[in-house]
Amino acid sequence: MRWIYCFFFVIISIVAAKAQHHDFLQKEIELSEQNYSLQQVFKKLEEQNIITAYNSKKIGLDKSVKFPFKESTISNLLKFLEENHAITSKVKVNKIIFTKSEESYTISGFIREHGSGETLAGANILVNPNYGTFSNTYGFYSITLPEGKYQINISYIGYISKKQTFILNQDTRLDIDLKASSQQLPEVIIEPQKNSINKTEFNRINLDKTNLTPIIFGTDDAIKRLQMIPGTGGGITGFSDIAVRGGNVHENLVLLDGVPVYNYNHFPGILSVFNTDALKSIDFYKGQFPARYTGRLSSVTDIKMREGNMQTYHIGGNIDLATLSIFVEGPIIKNKASFIASGRRSWIDGLTGIGNSEEGFDFHLQDINLKANYSPTKDDRVYLSFYSGIDKLGSDKNIEEIETLSWDNNIIALRWNHIFSNKLFSNTLLYFSDFNNVTKSVAESWSDKAVITNKYTLKEFNGSTFFEYYEDRYQLSFGSGIQKNVFKLPLTETPNNNNNKMSVWQWKSYIENKINLNSNIYCNVGLNYIFYHYNEMKKHFFQPRINLNYSINNNSNISVSFSEMYQFIHQLGSYNINLPYAFRLPASETFSPGISRLYELKYISKLRQQKDIISVSLYYKQQKNILRYKPGQDIFNEQLADDWKDQVLKGKRKIRGLEISYYADLSPLQINFSYTYSKNKEQFPTINNHQYYRNALTPKHIFIFTAEYSFNKKHSISTIAGYNTGRYMSIPIYEIESIDDAVNHIISDNQSYVYGKINDFQLNDNYHVDFGYTFQTNETKNGKHIFRLGVNNLFGKLAPFRVTANIYDKKLNIQEVSFPSPIPYISYTFKF
Amino acid sequence: MRKLPYLLLLICYFSSCSKEYTPSPQQEKDVPVILGEITPNKPIDIILTNAKNITSPNYVSSEKFSNVVLLDSNENNLDTLTFQENNYWKSNYKVQPNENYTLQFQYKNNKINAKTKIPSSFYAEILEQETLSNDTLLLKLTIEDVSDDSFYVVECWQYANNNYSKLSFLNNDKFTDNNKYHELYSPYKRLFFKTSIPRQITLKIITDPYSISSEDKFIEIRVKNVNYNYYEYLYNYEHQLQDEEFYLPNNNKYLGVLGGSYNIILKTNYLHDTTPQITDIIPIKRMPTTL
């Protein structure tokens with residue numbers, strides 16, 4: 001019975017209190033039409049014997065309030081404050097507690113790798129239930145949320161996800177470390193994400209992952225990994241070039257820590273200049289270009305170097321059939337400053353003695369990467385990066401037979417990251433990029449013999465700053481910078497005169513708005529502006545970028561986008577091989593900058609409990625002001641006009657395409673399939689009666705299949721199978737009489753041969769099947785060791801890098817020269 | 001020389017992946033060919049024939065040409081060409097400089113039009129002549145009264161022993177396409193240049209030493225003002241003669257070219273009997289001969 005009395009006592013007390021409460025709220029209060037400060041409002045309530053409680057700092061006592069009524073009940077007054085001034089109230093007997101309703105706070109910080117302290121760009125920060133973002137390029141994130149209790153979930157491919165529950169009642173700095181996972185990863189990552197600033201714009205390749213796929217010479221190559229992505233297969237198998245969506249190989253912007261690398265291949269394109277020992281990740285864009293990128297028409301490859309371990313020292317290296325590389329990293333000041341240094345060199349010349357030959361034939365390549373960073377405060381970080389890559393080919397010891405080709409890239413960059421507030425991040429970059437190409441040869445004239453040295457240089461100086469501002473469901477990036485390019489062209493006629501210097505100034509600015517309009521619709525609207533000044537040419541260029549993305553559900557996204565890109569450096573060389581001795585020339589009034597307009601519709605979905613990912617893209621690309629050599633001008637045989645303007649034709653291109661990729665995680669088996677359909681037409685004056693004609697080097701269909709199977713953590717096998725329909729070429733079809741014979745009435749055996757329709761002949765289809773085996777030890781105190789063994793092109797027919805059509809004895813023969821096959825490889829990688 | 005075995009190995013390795021094949025029959029088998037040059041003061045002689053498709057070597061086209069007529073720019077019929085031997089079609093109609101003409105014919109039930117323009121007249125003469133050696137002659141020419149955007153082709157011919165033969169020559173004039181584009185190798189058989197101002201040209205002609213014994217001998221410098229299409233065709237043709245992997249572009253419904261030309265022929269005597277070591281400079285002024 002006692003319990004029953006108690007129960008009724010409580011009920012009655014509550015009802016009484018409620019009744020009291022109700023009475024109290026119905027009290028009338030007198031007001032005038034004047035403006036009150038909140039402090040005055042609270043005083044008026046206190047005059048009614050009501051106790052008020054509030055946090056004066058947060059609520060803002062000076063805030064002006066104007067009531068639309070002269071008399072009001074306390075209840076109505078509180079309602080008015082809540083509705084019009086976001087001030088909520090809790091009533092307790094005769095006490096009112098005022099708080100600022102929906103107070104928002106910002107949680108920000110860096111996402112880092114546990115142990116090394118390497119920042120992780122693009123980590124997904126998801127806050128239940130409806131908020132999310134990604135860490136930026138430097139690992140920084142910021143997310144603004146209403147006051148409350150949340151669970152934050154941080155995930156990054158290749159790392160163990162981390163969940164953390166916290167109460168957000170003030171601005172919070174939360175740096176999070178993620179531990180690396182031993183789980184297998186997809187080679188290329190494309191992720192649809194709902195409720196977060198979108199990441200479907202690009203493909204990320206995480207270079208921390210051991211590359212299990214078969215690789216030529218056993219040399220892991222950053223650029224070659226991109227060739228698995230649909231739409232990048234226009235290059236030649238075995239070469240480190242990508243021809244993206246029908247563009248040529250000169251239309252790819254390749255950035256190393258934000259600095260353009262002008263020649264990203266070692267000779268003759270079988271290896272890129274990027275030593276993967278020193279690299280962290282690659283972000284690859286072939287469409288949906290964010291406004292911060294400009295300068296090339298077809299793609300952006302943004303490569304990030306590692307920063308160096310903040311905690312412990314490591315040494316590692318790799319030897320394969322082509323190169324030998326080594327790296328060392330470690331702290332300079334523990335948790336404050338670190339460094340990484342790496343070097344790579346071809347070793348074949350050293351072993352065979354070719355490089356030591358008295359006659360002096362020499363071929364070698366080398367790369368050196370250095371990077372150091374220092375965090376003086378938790379809000380500042382300074383980076384210093386250096387890269388130098390050299391190629392040398394030829395013989396220069398015998399004065400009678402000098403014939404050398406050498407080139408080098410050098411980059412030095414100083415970067416400062418600063419967090420102004422938990423919502424404002426800045427990045428300031430100063431860099432110098434330098435590309436030199438030197439050819440030496442002996443030229444014989446009628447009476448003379450002389451060594452001719454042609455030196456081509458391109459220097460780029462750049463200073464820029466950008467800011468990223470984070471708001472709830474909104475991210476604003478903006479930046480500006482100034483750039484100077486100096487081109488120095490060789491004058492072949494006068495070897496001592498190398499004053500053919502051209503200077504170009506560019507002032508670049510951009511603004512990018514990433515907005516989550518609601519939980520399903522995300523858009524990124526941006527504009528890139530360039531003021532371009534070269535000689536008399538002073539022009540403004542605006543490049544709009546729009547990407548609208550709709551999340552159909554938690555697993556599927558559909559997006560439409562438009563990007564306009566300009567290319568201010570024309571490059572003249574081979575269409576499908578990025579030759580170092582290709583000329584790079586500034587856009588001018590005569591040869592306006594290249595323009596590319598890309599329209600794209602893209603669908604991405606996760607299937608089978610989010611284990612599989614399918615991506616489908618449809619695009620249409622228009623390019624204008626693109627250059628090609630005039631028919632008859634031949635870079636290989638040095639049949640080139642003195643004035644480069646006489647070497648080229650300016651034209652346009654139209655490309656349509658469909659790209660499908662499918663990744664399936666059937667652990668321990670992982671498969672990836674990609675398909676590319678392209679239709680590429682171009683138009684140049686004087687060719688094909690000024691009508692559009694088929695581009696020769698874009699295959700219509702490309703299929704790539706990769707599979708990786710891990711028996712356990714140590715043993716893995718993999719395969720790549722590729723197939724593409726044949727490329728096209730023009731071949732001589734017709735034999736006619738010679739014009740000399742016809743005009744001079746001579747009967748002879750002299751004949752002329754005439755092409756058939758332009759690019760109408762289809763070469764043989766190409767295919768290749770590669771196999772690889774990888775053995776890797778676990779990471780212990782004895783280090784980690786990886787052995788790779790395999791065969792590229794075990795069977796197949798690779799795409800040719802040279803095709804000729806010859807007529808012997810009035811019979812036409814086609815000769816295709818491609819990489820030899822099969823190409824076995826073996827490599828050993830270690831890390832302590 | 002330790003490098004040689006490795007280089008050899010490398011070459012063998014790479015050459016092993018070279019594949020040669022003959023393509024299956026391609027494209028149309030019956031394609032008309034027009035070859036000829038129309039010039040004022042000379043009868044029209046044009047070859048009309050069928051091209052041979054080298055991917056179908058056993059196929060011989062039997063397509064015939066008919067209703068071959070010459071039209072003016074208003075499509076008025078000026079003359080009907082008559083068939084001659086060796087596929088020549090002839091007309092005695094005299095074309096005029098600065099006029100457009102169309103050669104129209106019936107082929108495979110289609111009417112095909114080949115258009116050409118006869119360029120304007122000009123003036124050319126030999127200014128200086130110098131014998132450098134037994135077989136080398138230095139000539140300086142001038143070309144005047146040029147019209148805007150004229151295309152010139154210069155050829156050197158030698159007449160000896162009752163035969164004409166084309167001579168090679170050297171030239172260093174920067175304005176010529178030979179020296180601008182570096183697509184043709186020196187010594188040249190044809191010199192190409194575009195000009196809208198008077199020009200002087202220096203030719204170092206390499207004569208045929210075996211013709212010394214001939215009594216009736218001379219050198220002809222044929223200077224032609226040609227229309228753009230003909231200029232391009234001759235340039236590409238010359239390129240093909242020097243580079244066996246270079247072929248003529250196919251830009252028309254027919255192959256070949258109907259060239260329009262205004263020709264001036266400059267004649268000069270041989271000076272081979274001059275002592276080679278002594279350099280003679282003989283100024284020559286003579287009226288050009290037009291054909």
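What you see is a predicted model, and the numbers here were worked out from it, not measured in a lab.

Peer 1: Help me get a handle on the nonpolar core, residues and values and all.
Peer 2: Generally speaking, nonpolar side chains in soluble globular proteins are found buried as a group. Residues B:Leu203, B:Ile221 and B:Val223 are the most contacted members of the largest nonpolar core, which totals 67 residues. Ranked by residue count, the leading element in this core is helix α3 (residues 228-242) of chain B, at 6 residues. Excluding its chain neighbours within four sequence positions, the residues that come into contact with B:Leu203 are B:Leu137, B:Leu138, B:Leu139, B:Leu141, B:Val154, B:Cys156, B:Phe169, B:Leu170, B:Asn171, B:Leu191 and B:Ile221. Counting residues in each nonpolar core, the second largest holds 29 residues, with A:Phe487, A:Tyr566, A:Phe568 and A:Ile635 among its members.

Peer 1: Provide a residue-level description of the interface of chain A and chain B, including the pertinent values.
Peer 2: Facing 69 residues of chain A, the contacting portion of chain B comprises 64 residues. In total, chain A and chain B occlude about 6000 Å² of area from one another, counting both sides; carbon and sulfur atoms represent 53% of this. In this assembly, chain A and chain B are joined by 3 salt bridges. One salt bridge in this structure joins B:Glu245 and A:Arg802, with 4.0 Å as the shortest N-O distance. Summed over the shared surface of chain A and chain B, the result is 24 residue pairs in polar contact (both at pLDDT 80 or more). When residues of the side of chain A that touches chain B are traced back to their parent elements, those giving at least two are β46 (732-737), α7 (739-744), β47 (751-755), β51 (802-808), β52 (811-817) and β53 (823-831) of chain A. With 7 residues, β52(A) is the single largest residue contributor to the side of chain A that touches chain B. Tallied by class, the residues present in the side of chain A that touches chain B amount to 33 nonpolar, 20 polar and 16 charged. Where β52(A) meets strand β1 (residues 18-21) of chain B, 4 bridges bridge the pair, whose relative direction is antiparallel.

Peer 1: How would you sum up the pairing of strand β34 (residues 537-553) of chain A? Please name residues and give values.
Peer 2: Residues and elements named next belong to chain A. With 14 bridges joining them, strand β33 (residues 521-534) and β34 adopt antiparallel strand pairing. Looking at β34, one finds that tyrosine 532 is bridged to lysine 539. Where β33 hands over to β34, the hairpin turn is made up of 2 residues, of which asparagine 535 adopts a positive phi near 50°. Alignment of β34 against strand β35 (residues 556-567), held across 8 bridges, turns out to be antiparallel. From the neighbouring strand, asparagine 553 faces β35, where its bridge partner is serine 556. Two successive antiparallel strands, β34 and β35, enclose a turn made up of 2 residues.

Peer 1: I'd like to hear about the sheet that holds strand β13 (residues 162-168) of chain A, residue by residue, with values.
Peer 2: Residue and element names in this part refer to chain A. Overall, antiparallel pairing links the 4 strands, which are arranged β10-β9-β12-β13 in an open sheet. Two strands bound the open sheet, and with one partner strand each, they are β10 (131-134) and β13. Across the sheet, the axes of successive neighbouring strands diverge by a mean angle of 20°, strand direction being ignored. Sheet topology note: the strand β9 (residues 124-127)/strand β12 (residues 148-155) ladder contains 4 bridges and is antiparallel. Directly across from leucine 126, in β12, lies its bridge partner asparagine 153.

Peer 1: Give a description of the sheet that holds strand β3 (residues 51-54) of chain A that names residues and reports values.
Peer 2: Strand pairing in a sheet takes place through backbone hydrogen bonds and is either antiparallel or parallel in direction. Residue and element names in this part refer to chain A. Spatially, β3-β7-β6 is the arrangement adopted by the 3 strands of the open sheet, whose pairing is mixed. The sheet is open, and its two edges are formed by β3 and β6 (87-92), each paired on a single side. Taken pair by pair, the neighbouring strands of this sheet meet at an average axis angle of 25°, ignoring direction. Examined bridge by bridge, β6 and strand β7 (residues 95-100) share 6 bridges and lie antiparallel to one another. In the sheet register, lysine 90 faces β7, and the bridge partner there is isoleucine 97.

Peer 1: Requested: an account of the environment of A:Glu735, with residues and values cited.
Peer 2: Residues and elements named next belong to chain A. Positionally, glutamate 735 belongs in strand β46. Of the residues examined, glutamate 735 reaches a relative accessible area of 7% and is grouped as buried. Residues glutamate 735 and isoleucine 511 lie 224 residues apart in sequence; the distance between their C-alpha atoms is 59 Å. Separated by 3.5 Å, the side chains of glutamate 735 and tyrosine 753 make a polar contact.

Peer 1: Lay out the pattern of salt bridges in plain terms, naming residues and giving numbers.
Peer 2: All names here are of chain A. The final tally for this structure, using the stated rule, is 35 salt bridges over all chains. A salt bridge links arginine 344 to aspartate 367; the nearest nitrogen and oxygen atoms lie 2.9 Å apart. With arginine 344 in strand β25 (residues 337-346) and aspartate 367 in strand β26 (residues 361-374), this pair connects stretches of sequence that are 23 residues apart. The burial state of arginine 344 is the same as that of aspartate 367; both residues are buried. Of the charged contacts in the structure, one is a salt bridge between lysine 797 and glutamate 816, with a shortest N-O distance of 2.8 Å. Of the two residues, lysine 797 sits in strand β50 (residues 784-797) while glutamate 816 sits in strand β52, which places them 19 residues apart along the sequence. Exposure class is identical for lysine 797 and glutamate 816. Each is buried. One connected set of salt bridges, linked through shared partners, spans Glu118, Lys280, Arg306, Glu307, Glu329, Arg381 and Lys831.

Peer 1: With reference to specific residues and values, describe the pairing of strand β11 (residues 123-133) of chain B.
Peer 2: Residue and element names in this part refer to chain B. Bridging between β11 and strand β12 (residues 136-144) involves 9 bridges; their strand directions are antiparallel. Bridge pairing in β12 places glutamate 125 opposite threonine 142. If you look at the hairpin formed by β11 and β12, you'll find 2 residues sitting between the two strands.

Peer 1: Before we move on, could you go through the packing of aromatic side chains and cite the residues and values that matter?
Peer 2: Applying the stated criterion to the full structure yields 47 aromatic pairs over all chains. With centroids separated by 5.0 Å and ring planes inclined at 55°, the aromatic side chains of A:Tyr285 and A:Tyr293 adopt a geometry described as tilted. Comparing A:Tyr285 with A:Tyr293, the two get one shared label, buried. Taking the centre distance of 6.5 Å and the plane angle of 80° together, the rings of B:Trp157 and B:Tyr164 count as edge-to-face. Cluster of aromatic residues (ring-pair linked, three or more members): A:Phe110, A:Tyr138, A:Phe140, A:Phe425 and A:Tyr470. When the ring centre of A:Tyr692 is taken as origin, the NZ or CZ atom of A:Lys654, which lies over that ring, is 4.2 Å away.

Peer 1: How would you summarise a positive patch on the surface if you had to cite specific residues and measurements?
Peer 2: Residues and elements named next belong to chain A. A cluster of basic side chains, namely Arg656, Lys679, Lys681, Arg694 and Lys700, defines a positive patch on the protein surface. Position of lysine 679 relative to the elements: it lies in strand β41 (residues 669-683). The partly exposed category is assigned to lysine 679, whose relative accessible area is 41%.

Analysis parameters
Residues numbered from 1 in each chain as written. Chains lettered and ligands numbered in written order. Predicted model: local features only at pLDDT ≥ 70, side-chain atom pairs only at ≥ 80, totals over all residues. Heavy atoms only, no water. Core = buried A, V, L, I, M, F, W, Y, C linked by side-chain atoms within 4.5 Å. Buried < 20%, exposed > 50% of the residue type's maximum accessible area, 1.4 Å probe, protein only. Helix = DSSP H or I, 4+ residues; strand = E, 2+ residues; numbered from the N terminus. Contact = heavy atoms within 4.5 Å. Buried area = accessible area lost by both parts, 1.4 Å probe. Salt bridge = Lys/Arg side-chain N within 4 Å of Asp/Glu carboxyl O. Polar contact = N/O pair within 3.5 Å; in protein donor to acceptor, adjacent residues only side chain to side chain. Nonpolar A, V, L, I, M, F, W, Y, C, P; charged D, E, K, R; others polar. Pairing = 2+ DSSP bridges. Axes fitted to C-alpha atoms, helices over the stretch in contact; angles between N-to-C directions. Phe/Tyr/Trp six-rings, centres within 6.5 Å; stacked < 30°, edge-to-face > 60°. Lys NZ or Arg CZ within 6 Å of the ring centre and 35° of its normal. Patch = residues over 30% accessible without salt bridge, like charges linked within 9 Å, V, L, I, M, F, W, Y side chains within 5 Å. Areas by Shrake-Rupley, 256 points an atom, 1.4 Å probe, with all protein chains shown as cover. Lys, Arg positive; Asp, Glu negative; His and termini not counted. Charge placed at Lys NZ, Arg CZ, Asp CG, Glu CD.

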